[in-house]
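The residues making up each chain are set out below.
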Amino acid sequence: MRLERLYKLLVTVAAAAALAGCASLPQSGQVGESDQQADINRDVAYTFNPAGPANDATPTSIINGFILAATGIQGDFSTARQFLTESAAQQWDPYTQTTIYTDRPIVDATGDNEYTVELVTVGSLDDAGVLELADDGSTRNHEFSLTQVDGQWRIDQLPDGINLDAAQFRALFNTQTLYFYDPTYTYAVPDVRWMLNTADQTSTLVTALLEGPADYLEGAVVTAFPAGAELYRDTVPVSSGIAQVDFTDETLRGMSELARQRMYQQLELTLQRYPGISEVNMTRERSSLEFDEPAQGFVPAATSVTTGNSQVGIHPETSQLVSYEASTMSALPGFPNVANLEPIEPTINRDRDVAAFLNADRDTMYVANNTSEAFEVATGTDLIAPTMDVHGWVYTVTDKNTIVAANTNRTGQVLEIMHPWAGRDIDILALRISPEGARAAVIVQIEEGPTQLFVTGLIRDDDSQPQALGNTFRLQTDEPPNAVEWYSNAEVLAGRLSERERVELELVGFSGTSINFKPMLGMTNFSTGAGNIYAETQDNVYLRVGNNWRAQSDAPTQLSYPG
């Protein structure tokens, strides 16, 4: 195993952070597999006290001093603004973007009083706090221009945002999780953000919740809060473990009891993960709101979708679909004999009464249930492993770039799903729908470059029919993957399968966390669910126990958990 990628970088650059002022920096963290935030210390707010501009400082010193001064978040970055002209200080928005870098910034003069700053980047945060890690060795250039004010150099043109080295970033930011709903309000969908670790972070959390989901979730999730919802007071104080969230009268005016209860639940899901908060009190301009009985139609939203311990697989001798649980292989009750179809790549729904698979030629996708025979639901060429959602749809990719979804209820309905890579010379190698059905993990091969792993929102119509994949959020992996599975609601397991090469599975969290598992020579398949991970070679099936792989005798092949 290894620690979070930023922790690895932190060890090498911690000395640079000490230059910014007095702060105690963490040098290690916990390793966790089921909670991508397990190593985040949210109880400590670090304070840096960087120096302002020195008299008669050179332009290069002013630029370096400004970059370092971004660690001083007090007073709306008041120290950093001292390095700017009056007009630049008013216009500069430090919250637009945060660039995370390693090594020292390289400042080069490019013209009269104009300079370029080159940064070796680890990644960046957008204005919503969504972290995207960069490829190794990536660089980013920022342009600055300076002028003299009363004989002292000051920056008068600069990009919005701040730049922090990895150690400074790790000290000043932590992760928090907002929750939104799938369109049916049945499931709570996590939205992981990095936020400045300030004393008023609770109000930042609620404000972010009111502003809506991250870009990659737009159109795929919904919120209970109306457009323009506002806090009555800017703070969200916490007393005796109770967070007081006070809304304006206009925010709640005309809202149904059902809508208010969904708002309250969304606040609870988001705030009760915050240290020291055990209860949320939602008020209306300081007047109490009572939620005595659940409103008609209100259903507590599930924060996870359990897969159970049973998998579907292929019997190695009979080529039948079988169930596998607790080292025991058994027939799927009521399912037809599908051996004549030469099934591969099976999957099953969470009720375990509908399965889908491909034929050996990968030109037909079938569905099997308790009817007398399996039936064809989609055809194409080079179909990839199917994936099923909670609404009765099964997905595959044909012709390398066309995503199709077929209804599993014998309706013959097949939909083509629009996606960001449509019409481009890009191959989609893997597609897995998230447990709650609001997101998809997608691996694409872009021309001759390395494969890339993305998460994107799955947009549906009012009848829950899938329509399109939305904006993308790239997840960084150590090795270019060709297979992916959902491990939890905010983590995926990815790897580059190969019959003969060394394969190392990687657990990737949406906060930038990454854990590598003990490699295996010649892994051809893996599955994960209920906290377990199985891997398959050409000769055997293995269960991950601790950090080792334990062989499983008499197991089916091509194991797959529901989904």
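One can find the structure itself at the top, above this paragraph.
Treat the numbers as computed from the prediction; the structure is a model and nothing was measured.

## Topic: empty space enclosed by the protein
Right, on to step 1. Enumeration over the complete set of coordinates arrives at four cavities of 30 Å³ or more.
Right, on to step 2. Together, 14 residues line the second largest cavity, and Leu133, Leu475, Gln476, Gly509 and Gly512 are the ones closest to its centre.
Right, on to step 3. Looking at the lining of the second largest cavity, the elements that each hand over two or more residues are β3 (131-133), β27 (466-475) and β31 (506-509).
Right, on to step 4. Its residues assigned to classes, the lining of the second largest cavity shows six nonpolar, five polar and three charged.

## A few points about the sheet that holds strand β19 (residues 375-379)
Right, on to step 1. If you trace the four strands from one edge of the open sheet to the other, you get β16-β17-β18-β19, paired in antiparallel fashion. Strands with a single pairing partner mark the edges of an open sheet, and in this sheet they are β16 (344-348) and β19. Between one strand and the next, the sheet's axes are offset by a mean angle of 25°, whatever the strand orientation.
Right, on to step 2. Where strand β18 (residues 364-368) meets β19, four bridges bridge the pair, whose relative direction is antiparallel. For Met365, the partnering residue across the bridge sits in β19 and is Ala378.

## Details of unusual backbone geometry
Right, on to step 1. The backbone of Ser464 shows a phi angle near 65°, a positive value even though the residue is not glycine.
Right, on to step 2. Within the element layout of this structure, Ser464 appears in the loop between β26 (451-460) and β27.
Right, on to step 3. We classify Ser464 as buried; its relative accessible area is 15%.
Right, on to step 4. With phi around 55°, Gln558 is a residue other than glycine that occupies positive phi space.
Right, on to step 5. Among the structural elements, Gln558 can be located in strand β38 (residues 557-560).
Right, on to step 6. Residue Gln558 is classed as partly exposed on the basis of its relative accessible area, which comes to 23%.

Basis of the calculations
- Residues numbered from 1 in each chain as written.
- Predicted model: local features only at pLDDT ≥ 70, side-chain atom pairs only at ≥ 80, totals over all residues.
- Heavy atoms only, no water.
- 1 Å grid on protein atoms, 1.4 Å probe; cavity = no way out; pocket = protein on both sides within 12 Å on 5 of 7 lines; lining within 4 Å.
- Points joined across faces, edges and corners; volume = space filled by probe spheres on them.
- Helix = DSSP H or I, 4+ residues; strand = E, 2+ residues; numbered from the N terminus.
- Nonpolar A, V, L, I, M, F, W, Y, C, P; charged D, E, K, R; others polar.
- Pairing = 2+ DSSP bridges.
- Axes fitted to C-alpha atoms, helices over the stretch in contact; angles between N-to-C directions.
- Buried < 20%, exposed > 50% of the residue type's maximum accessible area, 1.4 Å probe, protein only.

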